[in-house]
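Overview (structure and organization)
If you want the building blocks of each chain, they are given just below.
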Amino acid sequence: MITQKQKTVTIYALPLVLLCIPLLGNLLSKEVNWSASDFLIAGALLFTTAFLINMVRNKIKKQSQKVLICIFILLALALIWVELAVGIFGSPFAGN
């Protein structure tokens, strides 16, 4: 059985693991070119998402509500990430 503390550690360790992927790409390839600000923004987005999911996990009682809210949080993360990456909405944040 996994304890609450182990679940929390896993939730906050996942952003670190995900940030290691572009870091390895930066180190091993010339095609990946992330700056320090890219890592900072990605880290802020991922850790904010982890914090929100952990908060939902601890505060909401009904499982169906937990799932729906977490899906909404992950969808918001995906939309923000895609907007910052390629600018599908044409906002000033995308650099267009």
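Let us look at the structure shown here. (Residues numbered from 1 in each chain as written. Predicted model: local features only at pLDDT ≥ 70, side-chain atom pairs only at ≥ 80, totals over all residues. Heavy atoms only, no water.)

1. A short note on the overall build of the protein
In terms of helices and strands, the protein carries three helices and zero strands. When the helices and strands of the protein are listed from N to C terminus, the series reads α-α-α. Whereas a compact globule of 96 residues would reach a radius of gyration of roughly 12 Å, the protein reaches 16 Å, over 25% beyond that. Put simply, the protein has 96 residues, and 24% of those count as buried. The long-range share in the protein, meaning contacts at least 24 apart out of those at least 6 apart in sequence, stands at 49%. (Helix = DSSP H or I, 4+ residues; strand = E, 2+ residues; numbered from the N terminus. Rg over C-alpha atoms; globule rule 2.2 N^0.38 Å. Buried < 20%, exposed > 50% of the residue type's maximum accessible area, 1.4 Å probe, protein only. Contact = heavy atoms within 4.5 Å.)

2. Examining the environment of M55
Along the polypeptide, M55 turns up in helix 2 (residues 36-59). A relative accessible area of 37% places M55 in the partly exposed class. Between the alpha carbons of M55 and V86 there is a distance of 30 Å; along the sequence they are 31 residues apart.

3. Observations regarding the nonpolar core
Counting residues in each nonpolar core, the largest one holds five residues, listed as L19, A42, L45, L46 and L77. Beyond its immediate chain neighbours, meaning those up to four positions away, L77 contacts L45, L46 and T49. (Core = buried A, V, L, I, M, F, W, Y, C linked by side-chain atoms within 4.5 Å.)

4. Things to note about the side chain of E83
Along the chain, E83 falls in helix 3 (residues 63-86). Summary of buried charges: E83 has no salt-bridge partner, and the nearest side chain of opposite charge, K30, is 30 Å away. (Lys, Arg positive; Asp, Glu negative; His and termini not counted. Salt bridge = Lys/Arg side-chain N within 4 Å of Asp/Glu carboxyl O.)

5. What about the environment of G25?
Mapped onto the elements, G25 comes out in helix 1 (residues 4-28). Spatially, the C-alpha atom of G25 lies 23 Å from that of A50, the residues being 25 residues apart in sequence.

6. Observations concerning helix 2
The end-to-end C-alpha separation of helix 2 is 34 Å, in line with the 34 Å expected for 24 residues at 1.5 Å each. By the burial criterion, the buried members of helix 2 are A42, G43, L45, L46, T49, A50, I53, N54, V56 and R57. The inward-facing, buried residues of helix 2 contact helix 1 and helix 3. (Expected span 1.5 Å × (residues − 1).)

7. Here's the deal with helix 3
When the terminal C-alpha atoms of helix 3 are compared, their 34 Å separation across 24 residues agrees well with the 34 Å that a helix rising 1.5 Å per residue should span. Buried within helix 3 we find K66, C70, I73, L77 and E83. On its buried face, helix 3 sits against helix 2. Positioned one or two residues after helix 3, G87 has a phi angle of 70°, which is positive.

8. Points about the packing of aromatic side chains
All chains considered together, the criterion is met by two aromatic pairs. Judged by centre distance (6.4 Å) and plane angle (45°), the ring pair of W34 and W81 falls under tilted. Taken together, the positions of W34 in the loop between helix 1 and helix 2 and W81 in helix 3 put the pair 47 residues apart, joining distant regions of the chain. When its relative accessible area of 26% is taken as the criterion, W34 is described as partly exposed. In this structure W81 comes out as partly exposed when scored by relative accessible area, which is 32%. Each residue in the set W34, F39 and W81 is aromatic and connected to the rest through ring pairs, giving one cluster. (Phe/Tyr/Trp six-rings, centres within 6.5 Å; stacked < 30°, edge-to-face > 60°.)

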